[in-house]
Amino acid sequence: MRMQLFKVFFISFALSSLANAESTIDRADKSTVMIITADGKGDLVGLGTGFVVGDGGIVATNYHVIDDAKEVYLFAKSTGKEVNNFPARVIWSSETLDLALLSSPTLKAPPLPLAIALPAKGSQVISIGFPGDANRFMKPDHLESTATQGIIGRNFKSPWFRKGDPINIVQHSAPINKGNSGGPLIDLCGRVLGVNTQTSLGRLVGNARDGFFVSQTDGIYFASHISELISQLTSMGVKFTAVDSECIPGASSSADVIKSGPQTWLFPGLIIGTLLLAIGAIVIALKKPKLVTESYTQFLKRSSKSIRSPLPNVTRGSSWILNGCDSLGNKLRVELSPRAITPSGLIVGRDSNHSQLVIIDPTVSRQHAKFHLESGKLFVTDLNSKNGTLIDGRPISGSTQLKFGHHISFGKVGLKVDEVSE
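Residues numbered from 1 in each chain as written. Predicted model: local features only at pLDDT ≥ 70, side-chain atom pairs only at ≥ 80, totals over all residues. Heavy atoms only, no water.

Asker: What should I look at first to understand the overall build of the protein in this one?
Answerer: A count of helical and extended segments in the protein gives four helices and 30 strands. Pairs at least 24 apart in sequence give 63% of the contacts found in the protein among residues at least 6 apart. When the accessible area of the protein is evaluated, it comes to approximately 20500 Å², of which 55% is carbon and sulfur surface. (Helix = DSSP H or I, 4+ residues; strand = E, 2+ residues; numbered from the N terminus. Contact = heavy atoms within 4.5 Å. Areas by Shrake-Rupley, 256 points an atom, 1.4 Å probe, with all protein chains shown as cover.)

Asker: Before we go on, may I ask you to explain the sheet that holds strand β6 (residues 85-94) in this structure?
Answerer: What the six strands build is a closed barrel, ordered β1-β2-β3-β7-β6-β4; its pairing is antiparallel. Geometrically, the sheet is characterised by an average inter-axis angle of 40° between neighbouring strands, direction not taken into account. In the sheet, β6 pairs with strand β7 (residues 99-103) via five bridges, with the strands oriented antiparallel. Among the inter-strand pairings, Ser93 is bridged to a residue of β7, identified as Ala100. Helix-sheet contacts for helix α3 (residues 227-236) involve β2 (44-54), β3 (58-61), β6 and β7, and the interaxial angle to β7 is about 45°. (Pairing = 2+ DSSP bridges. Axes fitted to C-alpha atoms, helices over the stretch in contact; angles between N-to-C directions.)

Asker: Would you mind showing me how to read the nonpolar core here?
Answerer: Across soluble globular proteins, you tend to see nonpolar side chains buried next to one another. Of all hydrophobic cores here, the largest spans 31 residues; its most connected members are Phe51, Val53, Leu101, Leu114, Ile226, Leu229 and Leu233. Of all the secondary structure elements, the ones that give two or more residues to this core are α1 (2-29), β2, β3, β7, β9 (124-129), β12 (167-172), β14 (192-199) and α3. At three residues, α3 tops the list of elements feeding residues into this core. By size, the runner-up hydrophobic cluster in this structure holds 22 residues, among which are Leu322, Leu336, Val348 and Val413. (Core = buried A, V, L, I, M, F, W, Y, C linked by side-chain atoms within 4.5 Å. Buried < 20%, exposed > 50% of the residue type's maximum accessible area, 1.4 Å probe, protein only.)

Asker: How should I be thinking about the packing of aromatic side chains in this particular structure?
Answerer: The geometry of an aromatic ring pair is captured by two quantities: the separation of the ring centres and the angle between the planes. Overall, the coordinates contain two aromatic pairs when judged by the stated rule. Ring geometry for Phe156 and Phe222: centres 6.1 Å apart, planes at 90°, overall edge-to-face. Highlighted residues: Phe156 in strand β11 (residues 146-158) and Phe222 in strand β17 (residues 221-225), separated in sequence by 66 residues. Phe156 gets classed as partly exposed once you look at its relative accessible area, which sits at 21%. Ring centres of Phe371 and Phe410 lie 6.1 Å apart, and the angle between their planes is 85°; on these two criteria the pair is classed as edge-to-face. Residue Phe371 is located in strand β24 (residues 369-374), and its partner Phe410 is located in strand β29 (residues 407-410); the two are separated by 39 residues in the primary sequence. You can call Phe371 buried: its relative accessible area is 2%. Judged by its relative accessible area of 1%, Phe410 is buried. Lying over the aromatic face of Phe156, Arg154 brings its terminal NZ or CZ to 4.1 Å of the ring centre. (Phe/Tyr/Trp six-rings, centres within 6.5 Å; stacked < 30°, edge-to-face > 60°. Lys NZ or Arg CZ within 6 Å of the ring centre and 35° of its normal.)

Asker: Would you mind going over the sheet that holds strand β28 (residues 399-401) with me for this structure?
Answerer: Think of a sheet as strands paired side by side through backbone hydrogen bonds, with each pair either parallel or antiparallel. If you trace the five strands from one edge of the open sheet to the other, you get β23-β22-β24-β25-β28, paired in mixed fashion. The sheet is open, and its two edges are formed by β23 (357-358) and β28, each paired on a single side.

Asker: Can you help me understand α3 in this one?
Answerer: One turn of an α-helix holds 3.6 residues; hence residues three or four places apart share an orientation. Every buried residue belonging to α3 is among Ser227, Glu228, Leu229, Ile230, Gln232 and Leu233, and all of these are buried. Following α3 by one or two positions, Gly237 adopts a phi angle in the positive range, close to 75°.

Asker: Even after reading the chapter, I still don't get the environment of Lys77, so can you show me in this structure?
Answerer: Relative to the helices and strands, Lys77 resides in the loop between β4 (71-76) and β5 (78-79). The class for Lys77 is partly exposed, based on a relative accessible area of 32%. In this structure, Lys77 is in contact with Asp26, Asp29, Leu143 and Glu144, ignoring residues within four places of it in sequence.

Asker: Please clarify how the pairing of strand β22 (residues 346-349) should be interpreted in this entry.
Answerer: It is a general feature of regular strands that their side chains alternate between the two faces of the sheet. Residues Leu346 and Val348 point to one face of β22 and Ile347 and Gly349 to the other, with burial holding for every one of them. Two strands pair when backbone bridges link them, and β22 and β24 are joined in this way by three bridges, in the antiparallel orientation. Opposite Ile347, over in β24, you have Lys370 as the bridge partner. Taken together, the two bridges between β22 and β23 define a ladder with parallel strand orientation. Residue pairing across strands places Gly349 opposite Val358, the latter belonging to β23.

Asker: Help me out: how do you make sense of unusual backbone geometry in this one?
Answerer: Across residues other than glycine, the phi torsion is negative in most instances, and most of the peptide bonds are trans. Although it is not a glycine, Asn384 sits at a positive phi angle of roughly 55°. Positionally, Asn384 belongs in the loop between β25 (377-382) and β26 (389-391). Here Asn384 falls in the exposed class, since its relative accessible area comes to 77%.

Asker: What am I meant to see in the side chain of Arg191 here?
Answerer: Mapped onto the fold, Arg191 is located in the loop between β13 (184-187) and β14. With relative accessibility at 8%, the residue Arg191 sits in the buried group. A distance of 3.0 Å separates a polar atom in the side chain of Arg191 from the backbone oxygen of Ser245. (Polar contact = N/O pair within 3.5 Å; in protein donor to acceptor, adjacent residues only side chain to side chain.)

Asker: Just to check I follow, could you spell out the pattern of salt bridges for this structure?
Answerer: As a working rule, side chains carrying opposite charge can pair if their charged atoms are close by. Scanning the entire structure with this criterion turns up five salt bridges. Between Asp68 and Lys386 there is a salt bridge, and its shortest N-O distance comes to 3.9 Å. Taken together, the positions of Asp68 in the loop between α2 (63-66) and β4 and Lys386 in the loop between β25 and β26 put the pair 318 residues apart, joining distant regions of the chain. Given a relative accessible area of 58%, Lys386 falls into the exposed group. Residues joined by salt bridges that share partners form a network here, namely Asp67, Asp68, Glu95, Arg350 and Lys386. (Salt bridge = Lys/Arg side-chain N within 4 Å of Asp/Glu carboxyl O.)

In structure tokens form, the structure reads like this:
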């Protein structure tokens with residue numbers, strides 16, 4: 001009998017904790033937006049995520065989400081009705097911090113509260129955003145984000161790019177993918193801890209004889225701590241809400257509010273909810289972590305016309321080895337084989353959310369160029385990069401074959417084809 005009572009007690013507590021988590025996600029959803037950028041000619045440039053941080057439709061996101069964009073549109077959660085877009089303009093951006101603020105006065109969504117303190121190592125977090133790979137399941141009249149769950153791995157200070165400004169970076173395990181960039185990383189109280197920015201970078205491994213494949217590290221994701229944006233919001237006079245207190249799901253207090261706009265984030269509950277959450281956390285910790293995913297939809301079908309294909313099973317063929325330096329003189333070595341290049345090609349750029357071969361250099365565009373194969377031969381195409389793609393010092397036009405001895409430059413990153421093996 002005691003065991004039965006304990007089971008009923010525990011299940012009730014677990015359901016209570018789950019309901020609280022779902023409520024937190026639902027609240028955050030109202031303030032999270034999909035960002036679609038265009039080039040001013042009607043063609044899409046990119047897809048990302050943002051979230052409302054201040055009164056009057058002030059939205060935070062990553063710099064690389066709006067970089068190179070002439071037009072920016074926001075799309076808010078909608079179910080069973082027409083999805084409307086909200087034009088936005090960039091009011092502040094920092095390439096070195098990879099952060100940006102947008103203004104969209106017609107967007108009527110509540111700001112999310114911002115957590116000033118660094119999150120505790122091991123505390124639970126949730127990522128919310130619009131990963132592009134899942135857009136295939138969306139419908140034109142139903143827009144909803146995806147949520148994933150994880151924990152804080154560590155906090156550290158580092159620049160995103162060489163010679164950049166050091167910032168507080170939060171490492172966590174709540175999965176993010178292309179399209180999540182700029183979305184919020186929240187705690188179980190629904191307060192924003194950081195701006196999701198990067199995943200762990202994949203790398204080409206193997207050798208020229210046997211071919212190469214992309215090795216990707218799982219479970220390591222990075223966000224800029226929200227304090228980087230709080231300073232900017234303060235200097236701009238934007239009204240926002242920041243809280244400096246420990247997250248206790250189910251409890252609320254106005255004593256720790258540092259800067260406040262209209263109070264829209266209240267969590268009714270009892271102290272016993274905290275005890276229930278602790279019990280649930282112990283059980284979850286003893287089990288294999290699971291991905292918590294909500295359904296979400298696609299507004300523009302053309303934003304995801306192509307679906308990445310798996311690496312093909314190709315026979316051994318030519319391999320290309322490129323050696324050189326970046327703009328700061330650091331040595332680079334790139335080894336390519338047919339195994340490393342999908343039928344749609346391999347994109348080179350500085351942004352891991354948009355490129356398969358990442359070169360972290362300020363002179364390289366986020367999507368700079370693309371390698372592709374034609375009849376076993378390697379070709380390269382410039383993707384309208386800012387600083388251009390050159391072969392032997394000459395800007396390329398269209399698709400150009402890369403041969404032994406060629407010098408190829410992506411901006412100020414120079415590489416020479418030193419070896420072509422069969």
